[in-house]
Amino acid sequence: MDVKIEQSWKDRLAEEFEKSYFMQLTDFVKDEYLKGTVYPPGSLIFNAFNHCPFDRVKVVLLGQDPYHEPGQAHGLCFSVQEDTRFPPSLINIFKEIQSDLGTPVPKSGDLTRWADQGVLLLNATLTVRAHQAGSHQNKGWETFTDAVIKCLATQREHLVYILWGAYAQRKGAMIDTTRNLALQSPHPSPLSASRGFFGNKHFRKANEYLEKTGQEPIVW
């Protein structure tokens, strides 16, 4: 199957694209786009990969589901398109960066600037029906994104995995923490941010690890 995804990922995930679950997933997703509004736009489904080639990944930030309202999702977890109001979780992420690193809250919630520095902003599910959170879960995307994490876990080392909330932590269970850094805390959503997300200093810790392993830190 010819999947429109950045070449280094295409090469490593080629076998995945030929599996029956992925073909069924593709049929489901195509049908959903034909029947109604689905986010992100079709050309941006693999945006996280296109901005962050396999060999340039330094940090993996795991999300769960794309945003499901207009103008938000563009294929990067927690990120919103330019000139879009910040969702609550993103507001809390920026608050933690400001507290941790002294960096002022940016005017844009578009995190492409992180992706271009080597942060793989990976949602577990890559598409969603408009206004219906979780509507594309358990259709095959989770199997695909598990394969992505396994690919990184077996072929790369000295990566930082940022796992916020129980869902991301379960998904990151296969990570070898002797060869990588796994940072875990509650999710930045307003429901849980005050239970340990605020003050986790993950952005500082990520950069310290990158520098310790001879890599350029991320400008958060």
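Residues numbered from 1 in each chain as written. Predicted model: local features only at pLDDT ≥ 70, side-chain atom pairs only at ≥ 80, totals over all residues. Heavy atoms only, no water.

1. A word on the sheet that holds strand β6 (residues 181–185)
Spatial ordering of the open sheet is given by β3-β2-β5-β6, a layout of four strands whose pairing is parallel. The strands lining the two open edges of the sheet, one partner per strand, are β3 (119–123) and β6. Between one strand and the next, the sheet's axes are offset by a mean angle of 20°, whatever the strand orientation. The pairing of strand β5 (residues 160–164) with β6 spans five bridges and is classified as parallel. (Pairing = 2+ DSSP bridges. Helix = DSSP H or I, 4+ residues; strand = E, 2+ residues; numbered from the N terminus. Axes fitted to C-alpha atoms, helices over the stretch in contact; angles between N-to-C directions.)

2. Concerning unusual backbone geometry
Between Tyr-39 and Pro-40 the backbone carries a cis peptide bond, its omega angle lying at -5°. With respect to the helices and strands, the residue Pro-40 is situated in the loop between β1 (38–39) and α4 (47–51). Positioned with a positive phi, His-158 is a non-glycine residue whose angle comes to about 60°. Take His-158: its relative accessible area is 32%, and that puts it in the partly exposed class. Positive phi values are uncommon outside glycine, yet Lys-201 reaches one of about 55°. Looking at where Lys-201 falls in the secondary structure, it is placed in the loop between β6 and α9 (202–212). (Buried < 20%, exposed > 50% of the residue type's maximum accessible area, 1.4 Å probe, protein only.)

3. Some points on the packing of helix α5 (residues 88–101) against α9
Interaxial distance between α5 and α9 falls to 8 Å at its minimum, and their mutual angle equals 60°. When the axes of α5 and α9 are compared, the pair comes out oblique. On α9, the residues that touch Ile-93, Glu-96, Ile-97, Asp-100 and Leu-101 of α5 are His-202, Phe-203 and Arg-204. Considered class by class, the residues forming the contact of α5 with α9 number four nonpolar, one polar and three charged. (Parallel < 35°, antiparallel > 145°, perpendicular 65-115°, else oblique. Contact = heavy atoms within 4.5 Å. Nonpolar A, V, L, I, M, F, W, Y, C, P; charged D, E, K, R; others polar.)

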